[in-house]
Each structure stands twice: as C-alpha cells, then as structure tokens.
Amino acid sequence: MRLAALPLLLFAPLIAQAAALSICTEASPEGFDVVQYNSLTTANASADVLMNRLVEFDAASGQLVPSLAESWEVSADGRSYLFRLRPGVRFQRTAWFTPSRELNAEDVLFSFQRMIDPTHPWHASAPNGYPHAQSMQLPALIEAIEAPDPLSVRFTLAHPDATFLATLSMGFASIYSAEYAAQLLAAGTPEKLNSQPVGTGPFILKRYQKDALVRYVANPEHFAGKPAADALIFAITPDANVRLQKLRRGECHIALSPKPLDVQAAAKDPSLQVLETPAFMTAFVALNSQHPPLDDPKVRQAINLAFDKASYLKAVFEEGATPADGPFPPNTWSYAGEPPGYPHDPERARALLAEAGLAQGFSTTIWTRPSSSLLNPNPSLGAQLLQADLADVGIRAEIRVVEWGELIRRAKAGEHDLLFMGWAGDNGDPDNFLTPQFSCAAVQSGTNFARYCDPALDRLIAAGKRSTDREERSRLYKEAQAIIRAQALWLPLAHPQASVLARKEVSGYQVSPFGRQDFAKVAVKR
C-alpha cells in the first residue's frame, strides 16, 4: 500500500525534525528507471542520487575518476576495456528488496546486456526503449561483455571509440542489481523497476508523489560514506518565483533553475547565496525536418533569419546567457566559431520563402513547456517572441504548451514542428552533442529532435568517435558543424550560465556545468 504524501505546508517542520536537505526542483521525473529516459530532470532524480556508474566525470578536474570500478585497462588497439570492480559495494536495502550479496560482475553484465541484446529477457520490459544506448549506438559498438571473475568485467568493442569511457559516466550507464531484477521478473512485475528502484547510490527512494515531492533517505552503507544529510526532499515547484519564495522562507535549502532576475535578487539577499559556473549546455529550437515544409533547408534557413535573437536573449535570459550559433558551447574543445550564426534578416527570410514556393507563408506549430528551466527561463515569452518574428515574414505559428513529460514523449515520437528544447553535455566531450542530436541512430531512438538523417553527416560523427587524435576529431567535428549550420537543423538560442540559489547555511554544494546534481556532500548548518 502506498502512503499518502504529506501536504507541502508541512515541509518546514518536517525538515527541521528529520535534518533533511530540501531542494526546490522545476519538474517531476518521468520515472526512476533512468535507462528509459533522456531528460536531465529524470537523470537528476534517479541516476544522480540513487545510482552509481563504473566511472564518473569530475567536472572540477575535467577527468574521469573511479566509481564502482576502482581501476581499468585499455588494450593497445583500443577495443578491449577491462574494469576491476570495487569490492564490498552493497545495493540498497529497501522495503521492497534486501540484497543477499555484494555488487559483482553479474550486475554490470545485466545492466548493459539488458539495453543492447534484443534477446535478453529484460530487453522488452522498457516501453520507452533505451534512447541513450540506441543513440550512442552501443548495440553495434559493444561486441561482447564478459566476466573473467566476479570482480572483473571486460568490454570488447567492434572498433575503437574515443568516447566509450566517457559514455560510461552518463546517467543511463548506471549499474542495476541483477538479483533484484531476477526477483521482479520471477514475480511478473518488471515495471516496478521504474517505481521501486534499487541502486548503490548515496540516497534511497522512500516516496514519490507526482507534481509534489520525491523523498529519499540517506544510504548508510554507501561505499563512499553516508551522505551529510539524513534525508533528501525534492519539492517539485514548477514556478521559478515560487521556488525563490520558498527558499527565502526556509522551506527549501536549494532552488534549481532560477530566472536571471531571481539570481540578481538573490545576490542582494543576505540570507541567500548564488552559486554559478559556465554551463556546458545549449538552448535551441529544433526544426522537424520530416514535416513539410520544414523538410526544405531554405525554409529552415528562413526561420533562422526571421528570428531576432538579440531581443530574445535580452527579454528571456535577461543578459544571463551568451548567444548560440550552433550546437556546441564556446567552451567545447572543437567549437567552430566560424562561420557565424544566422543574422536577423527578415527581408532575406521572405526571399528564401519565396524561392521555396511559399511567398504567402505557411502554418506551423511551436511546442514549449509550461514551467521554466535553466535552458528556458520564460517559456511563454520565448514562444511569443518567436511567433511574432515568424508572423513578420508570413509564417503563422500556433503555440502549444505541453506538460514536460508529455512534451518529451511526443517530441521523441517526432510529433512536433518547432520545439523549444535544450541539451546538456554529460562528460565534456563534443560527441555528447553530435551523436545524440544529429546521428541517424538518434532519429530512431528519438533524441534527434531535428529528425535529420544524412549519410555524410553521420560518417563525420562516426569518424570523429573512432579517432583518438584530438586534432583530427576537431577537424571532423568542425565539418559536421558546418553541415548542421548550412542545413539549419536548429534555431540555436543561448548558452546560459548555470546558476543555483541556496541559503547561506548550505555548504558543500558545487554547481555542475552539465546540470547534474550531487547532494551527497551537501550539509546544512543548524
């Protein structure tokens, strides 16, 4: 039986009694079986608090560091990766599962074979598929996974891949309990993995009420030590203004995805602190190249030319972001600053529409989310600005506001025309933007929101992954960026500053440039 969630008005005294860390978040997770989803909101509520991976990416050093694997070896030909697992790691004890053994190679094999092997008994259990594994082309890349002994796992790749190790730090590469999975399969309830998760991470899920809260307790057996907070609460608060109000009242200790004006206001409040870092993210509008007339590059170029990006940035990001010209943030090592992005040129936009046989314009739709986020601080205003600019060149666009979980689901199915979206890299590698957003495999998995599959672009992306020479990879990726710009697959918007608001008594929190959340070392002075 599921316990009813406590009213939000009781949060403050509950927090004080339970020594909990409360986080005001902007949306509900889609579920807790992270391999099925690709949104950052879901990864933060599942992979980053409940799970661990073989390796992790340390944003401070820019290096991959040991996690569930304490060491690894790569063969000279770049095709074999041998991981030595950390001994003594235990899966979480929950109301629905008590582990009988420690983590071993069987758990790693299950976690990956489930995603890449169509004959695996768990493969068909994910109704949403495995979007990241598919878009990163793991089924074709991983030739074999073996366990030489209980604490060793060997991956054999079909070919060298410079991004493989970094890919293993992504949320979808979290390690699951094969023992718990076998228990669920025997009971005929595999779907419970999405609502009753078990991991090795710093926190254990206790309760989830959609659009209200997620409650966790500290994992006393976490291999890196018990978290600083006894409990963790995600107070789901879609309105950024309400998040700030709750932070000021002490109902939340940390508020995510603040609006730029809220950042400025918090900086003047002696009870609050502003934590910031340049974000490894890009906000954009995806143009669905499979929906006529958006299948014509001239039409997509016209949309880019029609948009007044400078006015958009000033109104929506309030000077809290830099303009985007393409998919990569400027701090990406293969960023191509030339040629620059499309200028604001409505006259040229009208001419291109005429060349495309659309001198009288056409009708389309703009999809956006209802709640604000770091990559879309004011969804309503942004959509209205785009709508007005398109109308100025004869394009009649209807705005459709779709709840976040539904928006992601339907966008992955390719139902949208123009889609306000954002992408955050997970590991500092530029391929983390290219493969998930522009490869042909990502059209099938749904993460390629432009729905564009081009053999030439696909070859460049694949060649960049296979090369271990950074200079060569940069050259290939710059060629890929030129194709993406010429085809106008996105209307690039902004690269924001990653900002988080916290109360002064909070310590130990570090802002991630990837938007990932680590609360294990966060403490609140009492």
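Rules of the game
- Residues numbered from 1 in each chain as written.
- Predicted model: local features only at pLDDT ≥ 70, side-chain atom pairs only at ≥ 80, totals over all residues.
- Heavy atoms only, no water.
- Buried < 20%, exposed > 50% of the residue type's maximum accessible area, 1.4 Å probe, protein only.
- Helix = DSSP H or I, 4+ residues; strand = E, 2+ residues; numbered from the N terminus.
- Right-handed = clockwise from strand over helix to strand, strands pointing away.
- Pairing = 2+ DSSP bridges.
- Phe/Tyr/Trp six-rings, centres within 6.5 Å; stacked < 30°, edge-to-face > 60°.
- Lys NZ or Arg CZ within 6 Å of the ring centre and 35° of its normal.
- Axes fitted to C-alpha atoms, helices over the stretch in contact; angles between N-to-C directions.
- Salt bridge = Lys/Arg side-chain N within 4 Å of Asp/Glu carboxyl O.
- Arc of directions from axis to C-beta.
- Contact = heavy atoms within 4.5 Å.
- Polar contact = N/O pair within 3.5 Å; in protein donor to acceptor, adjacent residues only side chain to side chain.
- Core = buried A, V, L, I, M, F, W, Y, C linked by side-chain atoms within 4.5 Å.
- pLDDT = per-residue confidence, 0-100.
- Expected span 1.5 Å × (residues − 1).
- Disulfide = S-S within 2.5 Å.

Caption draft 1: Quick look at the pairing of strand β15 (residues 362–368). Counting buried residues along β15, six of its seven residues qualify, which places the element largely inside the surrounding structure. Considered for its hand, the β-α-β crossover made up of β15, helix α14 (residues 379–391) and strand β16 (residues 395–401) is right-handed. With two bridges connecting them, β15 and strand β17 (residues 418–424) associate as parallel partners. Bridging across to β17, I366 finds its partner in L418.

Caption draft 2: Structural detail: the packing of aromatic side chains. Tallied over the full model, the rule gives 21 aromatic pairs. The interplanar angle of 45° and the centroid separation of 5.0 Å between the aromatic rings of F97 and Y180 together place this pair among those described as tilted. Separated by 83 residues along the polypeptide, F97 in the loop between β5 (80–85) and α4 (105–116) and Y180 in helix α8 (residues 178–187) bring together distant segments of the chain. Ring plane angle 80° and centroid distance 5.2 Å describe the contact between F280 and F433, whose orientation is recorded as edge-to-face. Taken together, the residues span a long stretch of sequence, with F280 in the loop between β12 (272–278) and β13 (281–287) and F433 in helix α16 (residues 431–438) at a distance of 153 residues. One exposure class covers both F280 and F433, and it is buried. Site record: aromatic cluster; members linked through ring pairs are W72, Y81, F83, F112, F155 and F164. Sitting over the ring of W404, R369 keeps its end group 4.1 Å from the ring centre. Across the ring face of Y342, the terminal group of R485 is positioned such that the distance to the ring centre comes to 4.5 Å.

Caption draft 3: Examining the sheet that holds strand β6 (residues 142–149) more closely. Spatially, the four strands line up as an open sheet ordered β4-β5-β7-β6, and their pairing is antiparallel. Edge positions in the sheet fall to β4 (69–74) and β6, since each has one partner strand and no second. Strand after strand, the sheet turns through a mean of 20° between neighbouring axes, direction not considered. Bridge count for β4 against β5 is five bridges, and the pairing is antiparallel. Following the sheet pairing, W72 is matched in β5 by F83.

Caption draft 4: Fine view of the pattern of salt bridges. All told, the structure shown has 24 salt bridges when counted by the stated rule. A salt bridge links R101 to D107; the shortest N-O distance between them is 2.9 Å. Just as R101 is buried, D107 falls in that class too. Where salt bridges share partners, they join D48, D426 and R516 into one cluster.

Caption draft 5: Region of the structure containing α8. Among the residues of α8, those classed as buried are A178, Y180, A181 and L184. Buried residues in α8, looked at end-on, bunch into an arc of 155°, giving them a common side. Turned more than 90 degrees away from the buried face of α8 sit A186 and A187, all of them exposed. Buried residues along α8 sit in contact with α4. Its side-chain oxygen at 3.3 Å from the backbone nitrogen of E179, S177 defines the N-terminal cap of α8. At the exit of α8 stands G188, carrying a positive phi of roughly 75°.

Caption draft 6: Layout of the environment of I395. As for its position among the elements, I395 is in strand β16. Judged by its relative accessible area of 0%, I395 is buried. Note: C-alpha distance between I395 and T364 (31 residues apart in sequence) is 7.4 Å. Residues within four places of I395 in sequence aside, it is in contact with I303, L353, F362, T364 and L390.

Caption draft 7: Focus on the nonpolar core. With 116 residues, the main nonpolar core has L54, F112, F155, Y216, I254, Y509 and F519 as its most contacted residues. A total of seven residues in this core trace back to one element, the largest contributor, which is α4. Here L54 is in contact with P66, S67, L68, A69, F83, L85, V108, F112, F155, L168 and I175, once residues within four sequence places are set aside.

Caption draft 8: Focus on the confidence of the model for the chain. Within the chain, residue pLDDT values average 93, and 96% of them lie at 70 or more. Scored below 50 in pLDDT, residues 1–18 shows 25 contacts in the model against residues more than four places distant or in partner chains.

Caption draft 9: Quick look at the environment of S100. Among the structural elements, S100 can be located in the loop between β5 and α4. S100 sits in the exposed class, given a relative accessible area of 61%. On a C-alpha basis, the gap between S100 and E70 in space is 22 Å, while along the polypeptide they are 30 residues apart. One polar contact links S100 to E179, side chain to side chain, over a distance of 2.4 Å.

Caption draft 10: Representation of the side chain of N427 in the model. If you trace the backbone, N427 turns up in the loop between β17 and α16. Here the side chain of N427 touches D429 through a polar contact of 3.1 Å, landing on its backbone nitrogen. Ignoring anything within four residues of it in the chain, the contact list for N427 reads F57, A166, T167, S169, M170, N432 and F514.

Caption draft 11: Layout of helix α19 (residues 470–487). Taking 1.5 Å per residue as the helical rise, α19 with its 18 residues ought to reach 26 Å, and the 25 Å between its terminal C-alpha atoms agrees with that figure. Those residues of α19 lying buried are R473, S474, L476, Y477, A480, Q481 and I484. Along α19, the residues classed as buried sweep out an arc of 165° about the axis, all on the same side. At its buried positions, α19 is contacted by α16 and α18 (455–466). Just downstream of α19, A488 is the residue with a positive phi angle, here 50°.

Caption draft 12: Inspection of the state of the cysteines at higher detail. As enumerated under the stated definition, the model contains two disulfides in all. Each sulfur of the disulfide joining C24 and C252 lies 2.0 Å from the other. Here C24 and C252 share a disulfide; its torsion about the S-S bond, 65°, makes the bridge right-handed. Residue C24 is located in strand β1 (residues 20–25), and its partner C252 is located in the loop between α9 (240–248) and β11 (254–255); the two are separated by 228 residues in the primary sequence. On the basis of relative accessibility, which here comes to 0%, the residue C24 falls in the buried class. You can call C252 buried: its relative accessible area is 0%. Each sulfur of the disulfide joining C440 and C453 lies 2.0 Å from the other. Handedness of the C440-C453 disulfide follows from its S-S torsion of about 95°: it is right-handed. With C440 in helix α17 (residues 440–445) and C453 in the loop between α17 and α18, this pair connects stretches of sequence that are 13 residues apart. In the chain, the bonded cysteines, taken in the order they occur along the sequence, pair up as 1-2, 3-4.

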